[in-house]
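# Residue-level structural notes
Here is how the chains run, residue by residue.
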Amino acid sequence: MDYAAVDAILMPWAARHELHVYARDRSGPLRSIIAYYWRGSRHESAGHIWLDGPDSEGRFTVHGAAPNWQTEKSAPVAELEGALESVFQTMIARPTWD
C-alpha cells in the first residue's frame, strides 16, 4: 500500500500540532504518533494515535489510546484530517492526572 495520499494529509496536520510521526513501511505501512504534554518541568504522554487501513471500502481508521481510554474514527482519505483532529482533541481534553 502506498501511503503517499495519507502522508500528504497526515504530515502537515502533525506539523501544525508540533507532533512527530513515526513512519515505517517494511512489512506493511505504519503511521504512529505519541502526543506529550508538559507537567511542570517534565513531559508525559497524553496518548498514542495510529492509523490502520485501508479497509475493503478504502477507509482508514484513526485509533487513539491511553491508559483507561481508547477511541477510533474511520474515514476515507478525503476526510482523514477531520478524523485525526477529532481523536487528537478528544485525547488532549481528557484529564491526565488526579
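Look a little higher up for the structure.
Residues numbered from 1 in each chain as written. Predicted model: local features only at pLDDT ≥ 70, side-chain atom pairs only at ≥ 80, totals over all residues. Heavy atoms only, no water.

The next point concerns the nonpolar core. In terms of nonpolar packing, the biggest core is built from 23 residues, with L10, W13, I49, V62, L80 and L84 touching the most fellow members. Going through the elements one at a time, α1 (4-16), β2 (30-39), β3 (42-52), β4 (59-66), β5 (69-76) and α2 (80-93) are the ones with two or more residues in this core. Leave out the neighbours within four places in its chain, and W13 touches L19, I33, I49, E81, L84, E85 and F88. (Core = buried A, V, L, I, M, F, W, Y, C linked by side-chain atoms within 4.5 Å. Buried < 20%, exposed > 50% of the residue type's maximum accessible area, 1.4 Å probe, protein only. Helix = DSSP H or I, 4+ residues; strand = E, 2+ residues; numbered from the N terminus. Contact = heavy atoms within 4.5 Å.)

Put simply, the largest pocket is a space of about 160 Å³. H17, E18, L19, H20, I34, A35 and Y36 are the residues that line the largest pocket. Here the residues of the lining of the largest pocket sort into four nonpolar, two polar and one charged. (1 Å grid on protein atoms, 1.4 Å probe; cavity = no way out; pocket = protein on both sides within 12 Å on 5 of 7 lines; lining within 4 Å. Points joined across faces, edges and corners; volume = space filled by probe spheres on them. Nonpolar A, V, L, I, M, F, W, Y, C, P; charged D, E, K, R; others polar.)

Relative to the elements of secondary structure, A46 occurs in strand β3. Assessed through its relative accessible area of 6%, A46 is described here as buried. Along the chain, A46 and H17 lie 29 residues apart, while their C-alpha atoms are 13 Å from each other. Apart from residues no more than four positions distant in its own chain, A46 is found in contact with A35, Y36, Y37, A66, M91 and R94.

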